[in-house]
Amino acid sequence: MTSAGRFAPSPSGELHVGNLRTAILAWLFARSTGRRFLMRVEDLDRARAGAEAEQLRDLAAIGVTWDGGVVRQTERGPLYTETVRRLAAAGLTYECFCTRREIQEAPSAPHAPQGAYPGTCRNLDQAEIEFKRTIRPAAVRLRAAVADWTVHDLLHGTYTGVVDDFVLRRNDGVTAYNLAVVVDDAAQGIDQVVRGDDLLASTPRQAYLASLLHIPVPEYAHVPLVVNSDGVRLAKRDGAVTLSDLAAAGLDAGRVRDIILDSLGLPAGPLPTALAVFDPARLPRDAWVWPGTVRAGA
Ligand code: GLU
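Quick summary incoming for the structure in this document. (Residues numbered from 1 in each chain as written. Predicted model: local features only at pLDDT ≥ 70, side-chain atom pairs only at ≥ 80, totals over all residues. Heavy atoms only, no water.)

### Considering the site of the ligand
Note the cut-off: Distances are taken per atom, and a residue is near a molecule or strand as soon as one of its heavy atoms is within 4 Å of it. Polar contact is the term for a pair of N or O atoms within 3.5 Å; when the atoms are in protein, one must be able to donate a hydrogen and the other to accept it, and sequence-neighboring residues count only if both atoms are side-chain atoms. Computed with a 1.4 Å probe, the accessible areas rest on the Shrake-Rupley method; for each residue, only the protein chains presented here act as cover.
Looking at the ligand, the residues that line it are Arg6, Ala8, Pro9, Ser10, Glu42, Tyr177, Val181, Arg195 and Leu199. At a separation of 2.8 Å, an oxygen atom of the ligand approaches a polar side-chain atom of tyrosine 177. Its free accessible area being 300 Å², the ligand has 77% of it covered by the protein chains.

As structure tokens, this is what we get:
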């Protein structure tokens, strides 16, 4: 299988300029390194009817092309189930019955980093497990043997972050993102992951899981986010931030593409023009403030 990059949107609504900028970057990284570029719809959670079609339409409108068909995570359940089964057979999982509130209120283990699962269900005996099963369904957690893991990122360099006993399958049966992303990237031959740098903190968990599954860890590039004038990650509430809103305000898709390219120090026009001069070493390293959110008087 030849190497590939990808874009993996969650179809929760229309893409905004921050998502579109990340998609352009993922495309540039993949194409500039001779990789295929794949499109994966991460619809396990938060999917809204019609959003996938809108997202694919908008990606095409700014010139992001992909190879082959679209892969949807909801069509890949057996692959995730089989992976959890393998991990369980290797003694690398356990059932967790904690509610969100119980986790928040549990005293954290000594030296455990903030936000890490406190390990409440890690060592339940069989009688306790069977009793708890009568109360609520279990989530499945990874039995991690490390507290942190180090990854290499093309933009952030060496990055070490928390690995806790993270959830692999939620107690409603839905496969967790951290499992699905690792399984899918490997199954699709993806060896380059370019995505927003809000996901950098999850990356050590994913790379550690890949190592347990004997899956090669992809090359990572976590790219700066787009923020509003308050420095907060751009969101729909920030006004006209989707292609349809911007079109209504008089900016067509080509113009939005050019504004995004300009923010990256790249020439305007169809993406192959930018590709010809794309150099990751020269990318801006800071978040980009979307000019449309500069409020009157600001
Ligand atoms: N589906 C995730 C999102 O839209 C991206 C996951 C990834 O690129 O690994 O935020």
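Further notes follow.
### Focus: the side chain of glutamate 52
For the record, the criterion: What counts as a helix is a DSSP run of H or I of at least four residues, what counts as a strand is a run of E of at least two, and both are numbered from the N terminus. What makes two residues a contact is simply this: any of their non-hydrogen atoms within 4.5 Å.
Among the secondary structure elements, glutamate 52 is positioned in helix H2 (residues 51–61). Aside from chain neighbours lying at most four places away, what touches glutamate 52 is Pro11, Val41, Val70 and Arg72.

### What about the nonpolar core?
Filter applied, for reference: Working definition of a nonpolar core: buried Ala, Val, Leu, Ile, Met, Phe, Trp, Tyr and Cys residues. They are joined through side-chain atoms within 4.5 Å. The buried label applies to any residue whose accessible area, calculated with a 1.4 Å probe on protein chains only, is under 20% of its type's maximum; exposed applies above 50%, and partly exposed to all values in between.
Core analysis: the biggest nonpolar cluster contains 39 residues, and Ile24, Phe37, Leu59, Val64 and Trp290 have the highest contact counts within it. Among the elements that make up this core, the one with the highest residue count is helix H1 (residues 17–32) (10 residues). Ignoring any residue separated from it by four or fewer positions in sequence, one finds phenylalanine 37 in contact with Gly5, Arg6, Phe7, Ala23, Ala26, Trp27, Ala30, Arg31, Val64, Thr65, Trp66 and Asp67. One finds Tyr80, Val181, Val182 and Val183 within the second-largest nonpolar core, a separate group that totals 20 residues.

Read these as spatial facts, not as claims about activity.
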